[in-house]
Amino acid sequence: MKSELFVSAGIVIDHPITSLEDKVGAIQHTLDALYTDYEILVIVQGPVRQQVSDAQAAEILSKIPCVRLIQLAFAVPSDVARSAIMENAIGDFVLLFDVAADPLELISKAVAACQRGSDIVVGVSATPQSLLYRLTRRIASPLLASIDYQLPANATDFRCVSRRAINAVINTGRSHHQLNLRLQKTGYPSQSISYEQTPTDPRGKSLSQAGQQFLHLLVFNSSRPLRWMSGVGLLGSFIALIFACYSVVIRVVKERVVEGWTTTVLFMSIQFMLLFLILAFISEYLGRLLDERRGIAEYAVVSEKNSKTMVNDKRVNVQTESMLP
């Protein structure tokens, strides 16, 4: 018997896929076999017609029911595109799905876990990671813990999120940067689900990409690094002041000092002290601006197209049997 939940499955298309119709059709068949009400959101990165052609979109919308194809005006980061899924979905549970890496069996497992009380289900890759990744993760763990990073190791972008968790993310501010971490900070219960990713999908990341993602995690999800830089600026000004005092003491104590050394060191120390103080105050004000910046839309929708069939035509609003015991 099908469940009466309304499930939304969202995918992001950021490059041309020749078998896109087959992949979307497989998701539709899986959802149709499990739930009476569902929808499939296809977020297409811009520019228009670069990732999905008009003929390909028309073929999908004419043959596959319950599909909403949302075309973005320009290419946006992955987190922004995935947040567009959450903001436009209408289901009780929303799946953030990767057609290239996530197996279809995850859908029923993740939704069932959400039904049992976990508002956020996090996908974790069971594929062994490289030695370099494990060493880098161990080194970066203390810094990640300082910004309240609670995601499990080897976490993927697959998520199953309840409606109240989505509302919490949307209502508490910007969700576009590092969406996965924003979801974890809602405070709702979560659990991880391990699975094997598609072997043909290239999941490896270079060291530069990992470093860039690490910096984004620190900068976009917490103002603490900026506070650390403020502390470094104050420490630098304090050291400059100490060295200025040291140069004056040396001039008083020693008789033979190179002419001009004291004044040069004193002048440079005072200048560096002022520079570090200015940087410290600028950092504080930048932190305040980051905290107060809210609600700026980071994506634009060019068009939204729907399938010819958007509801289950076999669904009736009269039950043949009582739902009460």
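Criteria and cut-off values
- Residues numbered from 1 in each chain as written.
- Predicted model: local features only at pLDDT ≥ 70, side-chain atom pairs only at ≥ 80, totals over all residues.
- Heavy atoms only, no water.
- Pairing = 2+ DSSP bridges.
- Helix = DSSP H or I, 4+ residues; strand = E, 2+ residues; numbered from the N terminus.
- Right-handed = clockwise from strand over helix to strand, strands pointing away.
- Buried < 20%, exposed > 50% of the residue type's maximum accessible area, 1.4 Å probe, protein only.
- Contact = heavy atoms within 4.5 Å.
- Polar contact = N/O pair within 3.5 Å; in protein donor to acceptor, adjacent residues only side chain to side chain.
- Salt bridge = Lys/Arg side-chain N within 4 Å of Asp/Glu carboxyl O.

(A) Summary view of the pairing of strand β1 (residues 3-13). Both β1 and strand β2 (residues 35-44) contribute to a ladder of nine bridges, which runs parallel. Bridge assignment links Ile11 to a residue of β2, and that residue is Val42. Traced from β1 through helix α1 (residues 20-34) to β2, the parallel crossover comes out right-handed. Strand direction decides the pairing type here: β1 and strand β4 (residues 93-96), joined by four bridges, are parallel. Residue Ala9 lies in a different strand from β4, and its bridge partner there is Leu95.

(B) How the structure looks around the environment of Ser190. The residue Ser190 is located in strand β7 (residues 190-195) in this model. On the accessibility criterion, Ser190 (36% relative accessible area) is partly exposed. For the pair Ser190 and Ser118, spaced 72 residues apart in the sequence, the C-alpha separation amounts to 4.9 Å. Ser190 has contacts with Ser118, Ile120 and Gln184, leaving out every residue within four places of it along the chain. Separated by 3.4 Å, the side chains of Ser190 and Gln184 make a polar contact.

(C) Examining helix α3 (residues 78-88) more closely. A large share of α3 lies buried, amounting to eight of its eleven residues. Turning to α3, its buried residues are Asp79, Val80, Ala81, Arg82, Ser83, Ala84, Ile85 and Met86.

(D) Here's a closer look at the pattern of salt bridges. Throughout the structure, instances matching the rule amount to eight salt bridges. Among the salt bridges present, the one from Asp79 reaches Arg82, with a minimum N-O distance of 3.4 Å. In this pair, Asp79 and Arg82 are both assigned in helix α3, three residues apart and thus about one turn of the helix distant. Of the two residues, Asp79 and Arg82, neither departs from the other in class, the shared state being buried. If you follow the salt bridges from partner to partner, you end up with Glu21, Glu59 and Lys63 in one network.

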